[in-house]
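# Descriptive analysis of the structure
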Amino acid sequence: PGGDIGRLAVSGTVNDIAVLGAEPTALACGLILEEGLTMADFEHILYSMQETCREAGVRIITGDTKVVEKGSLGGCVINTSGIGRRNQALEMNLEVVRHFRKGFSSRWILDSNLAAGDKIILSGTIGDHGLAILSAQEGLSFGSEIKSDTKPLNRFIAHFLGEVGGVVSMKDPTRGGLADALNEFSEKSRIGILIDEDKVPVRRDVRAACEMLGLDPFEIGNEGKIIIGVVKEKAEELLDLLRSTEEGKEAEIIGEATKSFKGVAMQTSVGGKRIIARPIGDPVPRIC
């Protein structure tokens, strides 16, 4: 619900490029098809990829196709990679960062750029994609239709980089979810991160499904959300802009970077603190 493997393949690569601050321009696509895959399914996947490329403003310019024997794959595998380039939105964003942080020298938006005082913004609800995959693959029903959030976010990202700026780090919390992404921020930036449990947006049906299945929504993959590290002086302005868009209407400032400790911790709803560790494995069946 909410997507398919073709849309996911294009969106995933586009978003990986976009969170660096680059403008995605061209993709390569490798298809591995199992003998017996129906032409109707194959054409649906290709059409979905075409529509997602149009949405993102990118082209698939090269690729390859292989067919493997029946029973060896379970359908198809799509491998995409892409290239991007610097653009005006990135340059404008970095100028704002340098205004507030003297000595900032990075030419890209990297997950190693966080510093004490930077605010952490989450662009929307977490867990939607992973629960949609789980419900579809395992035949589970949670009383409502939980849909994948998969979408290309490059135009959304370019918009707020150019309009507000001040963004130092970004990450799409895909495999490993919010917990893994925050820990990567912390490890690579050598900074602690404190988040507020009450500020992390989670849909009620997703939270209820996670409680029923014993899953942690912080560890479930997402395909249409981003985590943003921004200088504190621009955090509220950025939040206001995000909330004015369809992609960021449920955005929240969920925490900040700190020198008080190492790693990632969460202020819980009951008043205590707990460590947010990196997930040991993926709790739901992977398709990306």
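Check the entry above for the structure.
Note that the structure is a prediction, hence the values are computed from the model and not measured. (Residues numbered from 1 in each chain as written. Predicted model: local features only at pLDDT ≥ 70, side-chain atom pairs only at ≥ 80, totals over all residues. Heavy atoms only, no water.)

With respect to the secondary-structure elements, Asp196 resides in strand S6 (residues 192-196). Since its relative accessible area comes to 27%, Asp196 is described here as partly exposed. Between the C-alpha atom of Asp196 and that of Glu163, which follows or precedes it by 33 residues, the distance is 27 Å. Within polar-contact distance, the side chain of Asp196 engages the backbone nitrogen of Asp198 at 3.0 Å. (Helix = DSSP H or I, 4+ residues; strand = E, 2+ residues; numbered from the N terminus. Buried < 20%, exposed > 50% of the residue type's maximum accessible area, 1.4 Å probe, protein only. Polar contact = N/O pair within 3.5 Å; in protein donor to acceptor, adjacent residues only side chain to side chain.)

All told, the structure shown has 19 salt bridges when counted by the stated rule. Between Glu256 and Lys119 there is a salt bridge, with its nearest N and O atoms 2.6 Å apart. Separated by 137 residues along the polypeptide, Glu256 in strand S8 (residues 252-258) and Lys119 in strand S4 (residues 119-122) bring together distant segments of the chain. We classify Glu256 as partly exposed; its relative accessible area is 31%. Here Glu184 and Arg278 are joined by a salt bridge, their closest N and O atoms 3.7 Å apart. (Salt bridge = Lys/Arg side-chain N within 4 Å of Asp/Glu carboxyl O.)

Attention shifts here to a nonpolar patch on the surface. Nonpolar side chains collect at one region of the surface, where Ile32, Leu73 and Val77 lie side by side and expose about 190 Å² of accessible area between them. Topologically, Ile32 is positioned in strand S1 (residues 23-34). (Patch = residues over 30% accessible without salt bridge, like charges linked within 9 Å, V, L, I, M, F, W, Y side chains within 5 Å. Areas by Shrake-Rupley, 256 points an atom, 1.4 Å probe, with all protein chains shown as cover.)

Below, the discussion takes up the sheet that holds S1. Across the sheet, which stays open at both edges, the three strands sit in the order S2-S1-S3 with mixed pairing between neighbours. A strand with exactly one partner marks an edge of an open sheet, and here the two such strands are strand S2 (59-68) and strand S3 (76-85). Strand-to-strand twist in this sheet, taken as the mean axis angle between neighbours without regard to direction, amounts to 15°. Where S1 lies against S3, 10 bridges are found, and the strand directions are antiparallel. Bridging across to S3, Ile32 finds its partner in Val77. Where helix H1 (residues 5-18) meets the sheet, it contacts S1 and S3, and its direction lies at approximately 30° from that of S3. (Pairing = 2+ DSSP bridges. Axes fitted to C-alpha atoms, helices over the stretch in contact; angles between N-to-C directions. Contact = heavy atoms within 4.5 Å.)

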